[in-house]
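# Tertiary structure, described
Below are the chains, spelled out letter by letter.
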Protein chains: 4
Amino acid sequence: MIVILKPRAEEARVNALMEQIKQQGVDIHFSRGTQETILGLVGDTTHVDEDWLRASDIVADVRRVSEPYKLANRRFHPQDSHIDAAGRLIGEGTFTVIAGPCSVESEAQLLEVATAVKASGATCLRGGAFKPRTSPYSFQGLENEGLKLLREARRVTGLPIVTEIMSETQLDDFADVDIIQVGARNMQNFRLLKELGHSKKPILLKRGLSSTIEELLMSAEYILAGGNENVILCERGIRTFEKMIRNNLDISAVPVIKQKSHLPVIIDPSHAAGIAWMVEPLSRTAIAAGADGLMIEVHNNPKAALCDGAQSLNPQQFDHLMQDVRRRVAFEEKTLL
Amino acid sequence: MIVILKPRAEEARVNALMEQIKQQGVDIHFSRGTQETILGLVGDTTHVDEDWLRASDIVADVRRVSEPYKLANRRFHPQDSHIDAAGRLIGEGTFTVIAGPCSVESEAQLLEVATAVKASGATCLRGGAFKPRTSPYSFQGLENEGLKLLREARRVTGLPIVTEIMSETQLDDFADVDIIQVGARNMQNFRLLKELGHSKKPILLKRGLSSTIEELLMSAEYILAGGNENVILCERGIRTFEKMIRNNLDISAVPVIKQKSHLPVIIDPSHAAGIAWMVEPLSRTAIAAGADGLMIEVHNNPKAALCDGAQSLNPQQFDHLMQDVRRRVAFEEKTLL
Amino acid sequence: MIVILKPRAEEARVNALMEQIKQQGVDIHFSRGTQETILGLVGDTTHVDEDWLRASDIVADVRRVSEPYKLANRRFHPQDSHIDAAGRLIGEGTFTVIAGPCSVESEAQLLEVATAVKASGATCLRGGAFKPRTSPYSFQGLENEGLKLLREARRVTGLPIVTEIMSETQLDDFADVDIIQVGARNMQNFRLLKELGHSKKPILLKRGLSSTIEELLMSAEYILAGGNENVILCERGIRTFEKMIRNNLDISAVPVIKQKSHLPVIIDPSHAAGIAWMVEPLSRTAIAAGADGLMIEVHNNPKAALCDGAQSLNPQQFDHLMQDVRRRVAFEEKTLL
Amino acid sequence: MIVILKPRAEEARVNALMEQIKQQGVDIHFSRGTQETILGLVGDTTHVDEDWLRASDIVADVRRVSEPYKLANRRFHPQDSHIDAAGRLIGEGTFTVIAGPCSVESEAQLLEVATAVKASGATCLRGGAFKPRTSPYSFQGLENEGLKLLREARRVTGLPIVTEIMSETQLDDFADVDIIQVGARNMQNFRLLKELGHSKKPILLKRGLSSTIEELLMSAEYILAGGNENVILCERGIRTFEKMIRNNLDISAVPVIKQKSHLPVIIDPSHAAGIAWMVEPLSRTAIAAGADGLMIEVHNNPKAALCDGAQSLNPQQFDHLMQDVRRRVAFEEKTLL
């Protein structure tokens, strides 16, 4: 961490500040120039608060050199992490396809989709029981009934289930969910993250619509710091000025996250695109970028879907996609789970 | 709402779609052109789901003409709303100044700041007991002890208190808080919004860092739809590409919200700027834009603050600001509460 | 095009507006509802000015249904265009790799890079003679001397040359350049676009840092409307809030442009990433997304480069990249030019 | 400037790099820590190229401490600059209102608007003769005929004229224009900026739609470095994700620019808003933020305007605005020119 002091900072005050910094267990390298004076903080600066430094009126600026996350950091954990989701290892070298409807609507709908996606090769079943909807007038999910249907679909197909949690008060109800999803709008719901840290469940953490990659890694750090190492990251499109697409898939996030962190990262092309025909080209880029998996919305009858029908594939389209995914995963010398 | 059909949509399917739409209680005006066919949906389309329409493979596009929010909409509620916060009416014509520390740190700190901001003319006391921090290693607030100190500061100064809630599980603990704040990162925590709708407390709802104004109004709609009419909106800076400031104050949001909605809107220049010297110029623009109030961070010793010290004013700076605010509020022919 | 009228627009004024619209050669379908009245404009609305309609005080909103570009539009030109660049056809089915230094620095440098990239399989040589630099104190290019060296490198290697034009006054000097590049910062330099429309040269048009895809197609339309059909589009990263990368490669732009337009589109991963190690993963995503080519910065000694050294590959790295590109282009069943 | 070296950089290579840096006339303070080694570059680093440093494979990162602009920098020019525009001094303490039509359409139109805005108190007349339009099918301006009409309007009203230049080839035609405007899309047309640096004309430089404040100041630096000190900056809205407004007025840019630079800065609320009713509230915020002036679109008959009618005020609305502007400028203790 580098602290840039103001040009005319008094020596006594500089010394006092340096004393306070040293008490936090870090060393300082001091460089006084004609225009600015620089303090180089050396050692473990994870706990040194940038805001506290910036508030000093002799400080002109503060720049972090090392990352503020530690447990999520590849520097201190060079090997790729693999997350065990009901016996399947998600991470570098394998490829996961999580598929299913945006929301669970009925037993018939869910079983039809679940059976179809399994037949096509999906490795996990997704389905929303509790739906975070922008409008209070939109369908909010079947709630606990939806969870029950997901368990039923797991029993029938053998696929592990992935579903979204809305609040830490639901943890008991989610006790036998295989992978708990944290939605983009809850990426910085820190209460929820803390409680998930006390669980041992695999957590699928989606990136917020305008969250930086560093913020995503800091949210993962909340879960890891609580003792839960089972975090899977998910990029699902960010918000930009472009109007032709719903969200802008940040494909660079895959190589950047892979370099900065040891955690697996998957792509949700359905939410990024917002429209079904783009799911296939975006899936291709995800595989090529090095992602560890995909999360795809599939509905037996997209035009009657209660939510996000426009971006859902029907089972035939999904089957067609999976044939392409299989060839590409093999090309990348990875194993489809 | 306008539905644009694809050029070669079959007549039978168009008729079937029109039938389904009519069953939702809206009329349709039909225009067939050489290049596209357009359905104009007329009536109350609040409950018609755009996604459902987009999922039809004969639909090329859907455009909303009327707003998807109703209770927050000025069209159906032309008079300005005024929210009663412990006897003070917040809304058009009055001007509120909420001031206090980012986080409650100790009894001495809080009482010193509270007494000072009251003396300078603040009308409410803010202070964080539960802090949403990006890093799990940052100070997370004094929690319930912080709430206790806020009550004590209210007893001493008589100022109503404003503090941030993190989860719907805290509602009992917040029962005697005067204004409950929903932070930017929780703007779309829909579970929390629903529960706040069942309360009668004034809610200060902050705009998310990349939320559109429509999304902010939809989040307000969640609270209003639950039966709680006491919503105050707060703009606190959005995320853009600019690097010289922490967030970009979206000053246009004030006139836009005032035109679209009857709810009061205040500005938080401290979080928008991220740096203390900019609080004063941004406060001036907020008053000129027509905002109904300000929310300002004040700390007795910013450079020792446990959180957001860089953007906090000290009591002398705040007193100086309030002298300017008083003149400008009078110029706008409003009453400082 | 749809025109939404204000709720209480007077009939006489509505009729007058409709008359004016019809005089522009388009038909109108009229729908009067309880809340709004809608005019559906049918026919060729390319020349109808949205701003003119919006200025009418009986108009609430205007929405375009059909695209404002015509010559660049796939709807009116369903076959993919192929641009002949010195005998090589750039477009769907083939794959082009344009490589070379950010800026031409000396005869030795350029010849070394040109020979190396040719040996590795590049199909065109790029090199900047005139450099658009943010700072007036940065190296501005060898200018006409740089053009001379590019011609020399073409003579030696046989590779067609691509270089950036800065102003329409340079057209004579660029007469024997094989592909003229328009940089991101000049994407809306309309004077330059118009003059390029009067040329027959292939034009490589880069997307501006915050330009929408529609604006990129409208800039292409300027060149096409002047009579020059030889336009190649280039996506090179857009500006977002993310700080870990220089620009954010908008990979969705490839399938979107391919759907909306018949023009070829290539990707510049070097400028998108801003850092050499990301060029390879981004190149992989470009091929998978369906791009028609790549534009890559290569320098014989990146750490001594006068410009953009950080993002340049050295010849060994480029050779390694090309081996991977060759395999992937074959996988996509395309022909490397 | 700070250079952060990679953890295991070899000593010989570090020494070689330091030698190369010192040859550029700057001193180095060296700090070796356990995790990283830091070079603090001290002295005038304006000419040290960040890209060159980043390209070294022993360099992990480079951070600028001092600004890359010098002539535009308030640090080296603490007094506010005042630009003499045909005898009126634009800058801190005065307030300028430039008004007129988006484009010059006819003698009658221009004279009617010019006479009206003068009567209401405008201090300069704006009007576009050459129009940068997104679509080649939109009205492109009256060109040289427009310039002639502007001269005529100046003769009649005595108001100095402001009009936009599109290319450096037009400099002779603009020889008697009082203030030459560089549009947002040309902010980084470096050829044009260089030529304007050789003129002595006042230049009104508009910020690009997604340009950072630093880039705006670097573009000003191009003009200043050429020898022309007469630069007026103009903020006109930036591009964000918000859809309810055309551009997002970055009001913070005013205090930031005033702190970083000595150059005057004015606001264009018409382009920021894109809609006439927002011009007045945004103008109020501009005055409160400390801007040195406004640039407002006025049309005698906005609904018949050939360009940007939706955002134009009519003369009555402008007169009403000016009454408010006058009161507010007096409140700020500035002089309306």
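Residues numbered from 1 in each chain as written. Chains lettered and ligands numbered in written order. Predicted model: local features only at pLDDT ≥ 70, side-chain atom pairs only at ≥ 80, totals over all residues. Heavy atoms only, no water.

Ranked by internal contacts, the top residues of the largest apolar core, which has 294 residues, are Phe-318 of chain A, Phe-318 of chain B, Phe-318 of chain C together with Phe-318 of chain D. When neighbours within four sequence positions are excluded, Phe-318 of chain D is seen to be in contact with Val-97, Ala-99, Val-117, Ser-120, Ala-122, Ile-296, Val-298 and Leu-313 of chain D. (Core = buried A, V, L, I, M, F, W, Y, C linked by side-chain atoms within 4.5 Å. Buried < 20%, exposed > 50% of the residue type's maximum accessible area, 1.4 Å probe, protein only. Contact = heavy atoms within 4.5 Å.)

Contact residues are listed per partner, giving 52 residues for chain B and 52 residues for chain A. Surface buried jointly by chain B and chain A totals about 4,300 Å² across both partners, of which 50% is contributed by carbon and sulfur atoms. The largest contributions to the chain B side of the interface with chain A come from Tyr-137, Arg-191 and Lys-303 of chain B, which together make up 17% of the buried area. Between the two partners, chain B and chain A, sit four salt bridges. The shortest N-O distance in the salt bridge between Arg-133 of chain B and Asp-49 of chain A comes to 3.8 Å. (Buried area = accessible area lost by both parts, 1.4 Å probe. Salt bridge = Lys/Arg side-chain N within 4 Å of Asp/Glu carboxyl O.)

Moving on, we get to the environment of Asp-250 of chain B. Within the element layout of this structure, Asp-250 of chain B appears in the loop between strand E12 (231-235) and helix H7 (253-260). Here Asp-250 of chain B falls in the buried class, since its relative accessible area comes to 0%. Spatially, the C-alpha atoms of Asp-250 of chain B and Ile-267 of chain B are 9.5 Å apart, while their sequence positions differ by 17 residues. The contacts of Asp-250 of chain B, once residues within four sequence positions are left out, are Arg-207, Ile-213, Glu-235 and Ile-238 of chain B together with Ile-245 and Asn-248 of chain D. (Helix = DSSP H or I, 4+ residues; strand = E, 2+ residues; numbered from the N terminus.)

Contacts between the two partners involve 36 residues from chain C and, on the opposite side, 36 residues from chain A. Taking both partners together, chain C and chain A bury about 3,100 Å²; carbon and sulfur atoms supply 68% of that area. It is Phe-241, Met-244 and Phe-331 of chain C in chain C that bury the most area against chain A; as a group they hold 23% of the surface buried on that side. At the junction of chain C and chain A, the tally comes to four salt bridges. The partner of Glu-332 of chain C in a salt bridge is Arg-328 of chain A, with the nearest N and O atoms 2.7 Å apart. Viewed at the interface, chain A and chain C are joined by eight residue pairs in polar contact (both at pLDDT 80 or more). Counting only elements with at least two residues in the side of chain C that touches chain A, the list comes to helix H6 (213-225), helix H7 (253-260), helix H9 (279-289) and helix H10 (315-331) of chain C. In terms of residue count, the dominant contributor to the side of chain C that touches chain A is H9 of chain C (six residues). Each residue belonging to the side of chain C that touches chain A can be placed in one class, and the counts come to 18 nonpolar, eight polar and ten charged. (Polar contact = N/O pair within 3.5 Å; in protein donor to acceptor, adjacent residues only side chain to side chain. Nonpolar A, V, L, I, M, F, W, Y, C, P; charged D, E, K, R; others polar.)

For the rest of this paragraph, the subject is the sheet that holds strand E4 (residues 59-63) of chain C. All names here are of chain C. Strand order across the open sheet formed by four strands is E2-E3-E1-E4, with antiparallel pairing between neighbours. Strands at the two margins of the open sheet, each flanked by one partner only, are strand E2 (27-32) and E4. On average, each strand axis in the sheet is tilted by 20 degrees relative to the strand beside it, whichever way the strands run. Where E2 and strand E3 (residues 37-42) come together, six bridges link them in antiparallel fashion. Its bridge partner lying in E3, Ser-31 is registered against Ile-38. (Pairing = 2+ DSSP bridges. Axes fitted to C-alpha atoms, helices over the stretch in contact; angles between N-to-C directions.)

Tallying each qualifying case throughout the model produces 88 salt bridges over all chains. For Asp-268 of chain A, the salt bridge is made with Lys-206 of chain A, and the minimal N-O distance between the two is 2.7 Å. With Asp-268 of chain A in the loop between strand E13 (265-267) and helix H8 (269-273) and Lys-206 of chain A in strand E11 (residues 203-206), this residue pair connects regions lying 62 residues apart in the sequence. One exposure class covers both Asp-268 of chain A and Lys-206 of chain A, and it is buried. Linking Glu-152 of chain D and Arg-155 of chain D is a salt bridge whose minimum nitrogen-to-oxygen distance equals 3.1 Å. Placement of both Glu-152 of chain D and Arg-155 of chain D in helix H4 (residues 144-157) is noted, with a separation of three residues, approximately one turn of the helix. For Arg-155 of chain D, a relative accessible area of 61% gives the class exposed. Here the residues in one salt-bridge network are Arg-151, Arg-154, Asp-176 and Asp-178 of chain A, joined through shared partners.

It takes a turn of 180 degrees to lay chain B on chain A, together with a shift of 0.0 Å along the axis; the resulting RMSD is 0.1 Å. Both copies of the chain, as the preceding transformation shows, are related through a two-fold rotation axis. The rotation axis passes nearest to the C-alpha of Ser-210 of chain B in chain B, at a distance of 3.0 Å. Most of the interface of chain B is mirrored in chain A, where 100% of its interface residues again form contacts. (Least-squares fit on C-alpha atoms with pLDDT ≥ 70 in both.)

The subject of this paragraph is the packing of aromatic side chains. Residues and elements named next belong to chain D. Counted according to the given criterion, the structure contains ten aromatic pairs over all chains. The interplanar angle of 25 degrees and the centroid separation of 4.8 Å between the aromatic rings of Phe-190 and Tyr-222 together place this pair among those described as stacked. Pair noted here: Phe-190 is in helix H5 (residues 190-197) and Tyr-222 is in helix H6 (residues 213-225), with a separation of 32 residues, a long-range link. Judged by its relative accessible area of 1%, Phe-190 is buried. With a relative accessible area of 3%, Tyr-222 lands in the buried category. (Phe/Tyr/Trp six-rings, centres within 6.5 Å; stacked < 30°, edge-to-face > 60°.)

For the rest of this paragraph, the subject is the environment of Gln-317 of chain A. Residue and element names in this part refer to chain A. For Gln-317, the location among the structural elements is in helix H10 (residues 315-331). Accessibility expressed as a relative area gives 37% for Gln-317, which makes it partly exposed. In sequence terms Gln-317 and Glu-280 are 37 residues apart; their C-alpha atoms lie 9.2 Å from each other.

All names here are of chain C. Taking 1.5 Å per residue, 17 residues should reach 24 Å; H10 reaches 24 Å between its end C-alpha atoms and fits that length. Within H10, burial applies to Pro-315, Phe-318, Leu-321, Met-322, Asp-324, Val-325, Arg-328, Val-329 and Phe-331. Taking the backbone nitrogen of Gln-316 as reference, a side-chain oxygen 3.1 Å away marks Asn-314 as the first, capping residue of H10. Downstream of H10 by a residue or two, Glu-333 has a phi angle that is positive, lying close to 60 degrees. (Expected span 1.5 Å × (residues − 1).)

Judged by how many residues are buried, H7 of chain C sits mostly within the fold: six of eight residues are covered. Three or more residues of H7 of chain C are buried, namely Ala-253, Val-254, Pro-255, Val-256, Ile-257 and Lys-258 of chain C. Packed against the buried residues of H7 of chain C are helix H9 (279-289) of chain A together with H6, strand E12 (231-235), strand E13 (265-267) and H9 of chain C.

On average, chain A scores 92 in pLDDT, and the residues at 70 or more come to 99%. The ipTM, which scores confidence in the relative placement of chains, is 0.90 for this predicted complex, and the corresponding pTM is 0.91. (pLDDT = per-residue confidence, 0-100.)

Of note in the backbone geometry, Glu-333 of chain B takes a positive phi value of approximately 60 degrees without being a glycine. Notably, Glu-143 of chain C is not glycine yet its phi reads approximately 55 degrees, a positive angle.

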